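Residue strings, one per chain:
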Amino acid sequence: MSTAIAAKGFSQAAFDAYLAARDEPAWLLDMRRKAWARFQDLPLPSVRDEEWMRTDIRLFKLDRFELPDALGHGEASQGQVPHALLAAGVNLGGRAVVMNSHALSAKLEPSLAKQGVLFGSLQHLVKEHGDLLRPFFERRVVDPHKDKFAALNAACWSGGTLLYVPKGVRIEQPLHALSAISNGGVDLDKTLVILEPGADATMLSETASTDTTGGGMHCGSIELIVEQGARLRYVNLQNWGHEVWHFAHQKGHVGREGRLQWTIGALGSRLAKVNQHVAMTGPDAEVQVNGVMFTEGKQHLSYNTHQHHQAAFCKSDLLYKAALQDKSRTVWRGMIRVERDAQRTDAYQRNDNLMLSRDARADSIPGLEIEADDVRCTHGSTSGRVDDQQLFYAMTRGYTRREAVRMIVAGFFQQVFDRITIESVRDALSEAIGRRVSDIKGL
Amino acid sequence: MIETLKITNLHVSVGEKQILNGVNLTINRGEVHALMGPNGSGKSTLAGVIMGHPNYEVTEGTIELNGQDILEWDATERARAGVFMAFQRPMAIPGVKMADFLRHATTNVRNPQRKEGEQLIPMREFRKELREKMTQLKMDEEFARRYVNDGFSGGEMKRAEILQMAMLRPKFAILDETDSGLDVDAVKLASQSIAEIGGAEMGILIITHHDRLLEHNTPDFTHVILGGRIVETGGVELARELYTEGYEKVRERHPEDAAIEKEMAAKDKQLVGGGV
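Residues numbered from 1 in each chain as written. Chains lettered and ligands numbered in written order. Predicted model: local features only at pLDDT ≥ 70, side-chain atom pairs only at ≥ 80, totals over all residues. Heavy atoms only, no water.

Asks: I'd like to hear about the overall build of chain B, residue by residue, with values.
Replies: Scanning chain B for helices and strands turns up nine helices and twelve strands. Computed over the C-alpha atoms, the radius of gyration of chain B is 19 Å, within 12% of the 19 Å expected from 2.2 N^0.38 for a compact globule of 276 residues. For chain B, the spread of C-alpha atoms along the principal axes amounts to about 60 × 45 × 40 Å. Scored against the burial criterion, the 276 residues of chain B give a buried share of 52%. Restricting the contact set of chain B to residue pairs at least 6 apart, pairs at least 24 apart contribute 69%. Accessible area for chain B stands at about 12,700 Å²; split by element, carbon and sulfur atoms hold 49% of it. Separation between the mean location of the 34 positive side-chain charges and that of the 43 negative ones in chain B comes to 6 Å. (Helix = DSSP H or I, 4+ residues; strand = E, 2+ residues; numbered from the N terminus. Rg over C-alpha atoms; globule rule 2.2 N^0.38 Å. Buried < 20%, exposed > 50% of the residue type's maximum accessible area, 1.4 Å probe, protein only. Contact = heavy atoms within 4.5 Å. Areas by Shrake-Rupley, 256 points an atom, 1.4 Å probe, with all protein chains shown as cover. Lys, Arg positive; Asp, Glu negative; His and termini not counted. Charge placed at Lys NZ, Arg CZ, Asp CG, Glu CD.)

Here it is, written out as structure tokens:
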């Protein structure tokens, strides 16, 4: 990393210049300024904070990074756009690409555009459709004041992706968004997905580095708004280079009778700290959360999940599975929170970890906070190694030991993929994970 | 040349415990051998050690396949050389479909030199063959889409083992209590199935407590194992005698081996009692 970059950082002067160049609606600039003030007030989290006690970021230096050039000059052209793993074999309704926090391209099927669907760069679309989007921004699905990273994203997000589906519009073909960085780059992505009542859509989003060993920073947010009776299937695959710092606040709001199926895949980054929250805000909402993590080297992936039952008769079901190699580490802290009015809640959370090395470590911390008295909440977690008897069995069928390990790991993840109902999406995700599985060194 | 699996003076231990005390057994391809013996006499150990289970330590003796010593080979190499075992308790592999598992296995066993990542048998060709074999074994097609042994009933597991044997077409197959846990009809079906998939082409070692599995696979030889040694070898009539009359007479005829059997059982108890 060059010293020129180290000198810039996130200064007040840089922020003022950044806003001045943005040409955004006043309400949005105002939101940014408030978040910036909060960003400046807050310290970086440390291991003294309960949520961070297992995730040490003392080696992370924010001032090594800088705000993206507001006009995007030059930055977008750095490096080749990485290959999109989730797009393979999928008939897409639209594609958007963001590079180093700048929109590179966006395409949407004209037939969808005609129905009022908006898809593409959030940065561009918010200028054109500010009045439409303002209430969704102001809903503050992700709390911009939650911590320093949430505030930084709220103040400085750039590029970003929007999917807006009007009332009752059903989209068959998935929409695909790729957000990439070059080595040392910064991704301040914000994803906003809005499904108006009765809408139906599938979105595939992935993040990747031009250089698989490269560094950089992602400080991002994802907001999924699923209104009454709407159905959203959302997949996000994190495949950053192995030196990237990944900080993300991700949250879904699901209204009455809404359905959200949210699948995350995490393969990349040096250290990831992700808050993935789902809130069921109206009765009879249903949420399914799936997670697949595959770590190696000294990677550290930390996920805080929160299933927030705010209304009655809602159902949430979370399954996270991690396979760990080398000296890598995962932390999963899962909370099911049931408010007093959320009677007849049916909530489940489960975390399974497959240890592929003796030096790997997986922490699994489930939690329940229940205020209502008529609920069903269960949780479970397992951690284990590949079973020697399973290996022997496969070897007696002509598998080499390594082939057997890969097969067993693939099977371990398959149980998550099985929950994904759209075949092309399921295949694309299992193919993306499968590539990494095929690199397993063996035991 | 007749292909042969030859076991000579095989001594095997697990940890501190000596289990096989000099087993001699020669199986030619095309022969059916039955191996019978009381619990704890070393039947499953013999099966496991032929297959190359890493927990068993061979302290003396040899296992040869067509004159070649295979003791140093791992299970993968033995499988690819044409040795198969139907497990008494097959392992479940959740998330892996039977058809995918078998396609990979079949490719490897039929192309022993195959390197990882090289082409698998073409899907269409494989599916056709698998469907034929499943029809022959009266198995529902749905079976191929289920996860390997995951949630299978006892009978389904054993039939899945026979299906695997049918696809892998081994030269030598060891059936470790393929009849255990099955009802009379299921054993009958298993017995027929083994014969139907071309049991005559293989050298088969059937480890069993009953004679029913032998109904359609009449043994050319019946061996009795006691205290870790094969103490008697006879024809099919010996299998019937053992099934109807038990092992008391065998113990009387071989008091030394019966004494070793007793000693092994006592050690087992000690180990259990000692909390090991």
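Asks: Let's hear about unusual backbone geometry: which residues, and what values?
Replies: All names here are of chain A. With a phi angle near 55°, E257 is a residue other than glycine that sits in the positive phi range. Inspection of the secondary structure puts E257 in the loop between β11 (243-254) and β12 (259-266). A positive phi angle is found at R344, which is not glycine, with a value near 60°. Assignment of secondary structure puts R344 in the loop between β17 (329-338) and β18 (346-355). Residue R344 is classed as exposed on the basis of its relative accessible area, which comes to 51%.

Asks: Hey, could you go over the packing of helix α4 (residues 123-136) of chain B against helix α5 (residues 154-168) of chain B for me, with residue numbers and the actual values?
Replies: All names here are of chain B. Put simply, α4 and α5 touch, their axes get as near as 10 Å, and they point 130° apart. On the basis of their axis angle, the class for α4 and α5 is oblique. Of the two possible hands of crossing, α4 and α5 adopt the one that is right-handed. Residue-level contacts link F126, E129, L130, K133 and M134 of α4 to L163, A166 and M167 of α5. When the residues that make up the contact of α4 with α5 are grouped by side-chain class, the tally is six nonpolar, no polar and two charged. (Axes fitted to C-alpha atoms, helices over the stretch in contact; angles between N-to-C directions. Parallel < 35°, antiparallel > 145°, perpendicular 65-115°, else oblique. Left-handed = near helix turned anticlockwise from the far one by under 90°. Nonpolar A, V, L, I, M, F, W, Y, C, P; charged D, E, K, R; others polar.)

Asks: A description of the layout of surface pockets should follow, citing residues and the corresponding values.
Replies: Counted as a void, the largest pocket has a volume near 1,100 Å³. Those elements giving two or more residues to the lining of the largest pocket turn out to be α9 (401-417) and α10 (423-437) of chain A together with β7 (93-97) and α3 (98-110) of chain B. By residue number, the principal contributor to the lining of the largest pocket is α10(A), which donates eight residues. Taken together, the residues of the lining of the largest pocket break down into eleven nonpolar, seven polar and 13 charged. Estimates place the volume of the second largest pocket at around 670 Å³. What lines the second largest pocket is a set of 28 residues, among which S44(B), T45(B), Y56(B), Q88(B) and R89(B) lie closest to the centre. For the lining of the second largest pocket, the element with the most residues is helix α1 (residues 43-51) of chain B, which contributes five residues. (1 Å grid on protein atoms, 1.4 Å probe; cavity = no way out; pocket = protein on both sides within 12 Å on 5 of 7 lines; lining within 4 Å. Points joined across faces, edges and corners; volume = space filled by probe spheres on them.)

Asks: Give me the lowdown on the interface of chain B and chain A, citing residues and values where you can.
Replies: Between chain B and chain A, the contact holds 36 residues from the first and 23 residues from the second. Overall, the association of chain B and chain A removes approximately 2,300 Å² of surface from exposure, summing both partners, and the carbon and sulfur fraction of that is 60%. Scanning the region where chain B abuts chain A turns up five salt bridges. Its salt-bridge partner being E116(B), residue R402(A) comes within 3.1 Å of it at the nearest N-O pair. For the pair chain B and chain A, the interface holds 19 residue pairs in polar contact (both at pLDDT 80 or more). Of all the secondary structure elements, the ones that give two or more residues to the side of chain B that touches chain A are α1, α2 (75-80), β6 (83-86), β7, α3, β8 (147-148) and α5 of chain B. Among the elements that take part in the side of chain B that touches chain A, α3(B) stands out by supplying six residues, more than any other. For the side of chain B that touches chain A, the per-class residue count stands at 20 nonpolar, ten polar and six charged. (Buried area = accessible area lost by both parts, 1.4 Å probe. Salt bridge = Lys/Arg side-chain N within 4 Å of Asp/Glu carboxyl O. Polar contact = N/O pair within 3.5 Å; in protein donor to acceptor, adjacent residues only side chain to side chain.)

Asks: Give a detailed account of the sheet that holds β12(A), specifying residues and quantitative values.
Replies: All names here are of chain A. With respect to topology, ten strands assemble into an open sheet ordered β2-β1-β5-β8-β10-β12-β14-β16-β18-β20, the strand pairing being mixed. Pairing within the sheet leaves two strands with one partner each, and these edge strands are β2 (102-108) and β20 (376-385). The average angle at which neighbouring strand axes cross in this sheet is 5°, direction not considered. Of the strand pairs in this sheet, strand β8 (residues 200-209) and strand β10 (residues 231-239) are connected by nine bridges, and their pairing is parallel. (Pairing = 2+ DSSP bridges.)

Asks: Explain empty space enclosed by the protein to me, using residue names and the numbers behind them.
Replies: All names here are of chain A. Taken as a whole, this structure holds four cavities of 30 Å³ or more when the rule is applied. In this model, the largest cavity occupies a volume close to 180 Å³. Lining the largest cavity are 21 residues, with D189, T191, S205, T207 and I222 positioned closest to its centre. Of all elements in the fold, only β5 (175-181), β8, β9 (215-226), β10 and β11 reach the threshold of two or more residues within the lining of the largest cavity.

Asks: Residue-level account of the domain arrangement of chain A, with values.
Replies: All names here are of chain A. Each domain of chain A was delimited in the assignment, giving domain 1 (3-281) and domain 2 (386-443). Computed from C-alpha coordinates alone, the two centres of domain 1 and domain 2 are separated by 31 Å. Between domain 1 and domain 2 lies a buried interface of about 1,200 Å² when both sides are counted; carbon and sulfur atoms form 71% of it. Of all residues in domain 1, L85, Q261 and L267 bury the most surface against domain 2, accounting for 36% of the area lost on that side. Here domain 1 and domain 2 share zero salt bridges between them. Linking domain 1 with domain 2 are one residue pair in polar contact (both at pLDDT 80 or more), by the criterion used here. Residue assignment for the side of domain 1 that touches domain 2 shows that the elements contributing at least two residues are β8, β10 and β12. Sorting elements by how many residues they give to the side of domain 1 that touches domain 2 places β10 first, with four residues. Considering only residue class, the side of domain 1 that touches domain 2 consists of nine nonpolar, seven polar and one charged. (Domains from an automatic or database assignment.)

Asks: Describe the pattern of salt bridges, naming the residues involved and giving the relevant values.
Replies: Residue and element names in this part refer to chain A. All chains considered together, the criterion is met by 45 salt bridges over all chains. When the shortest N-O distance is used, the salt bridge between D374 and R344 registers 2.6 Å. Of this pair, D374 sits in the loop between β19 (361-370) and β20 while R344 sits in the loop between β17 and β18, and the two are 30 residues apart along the sequence. What emerges from the salt-bridge pattern is a single network uniting R54, R329, R361 and D363.

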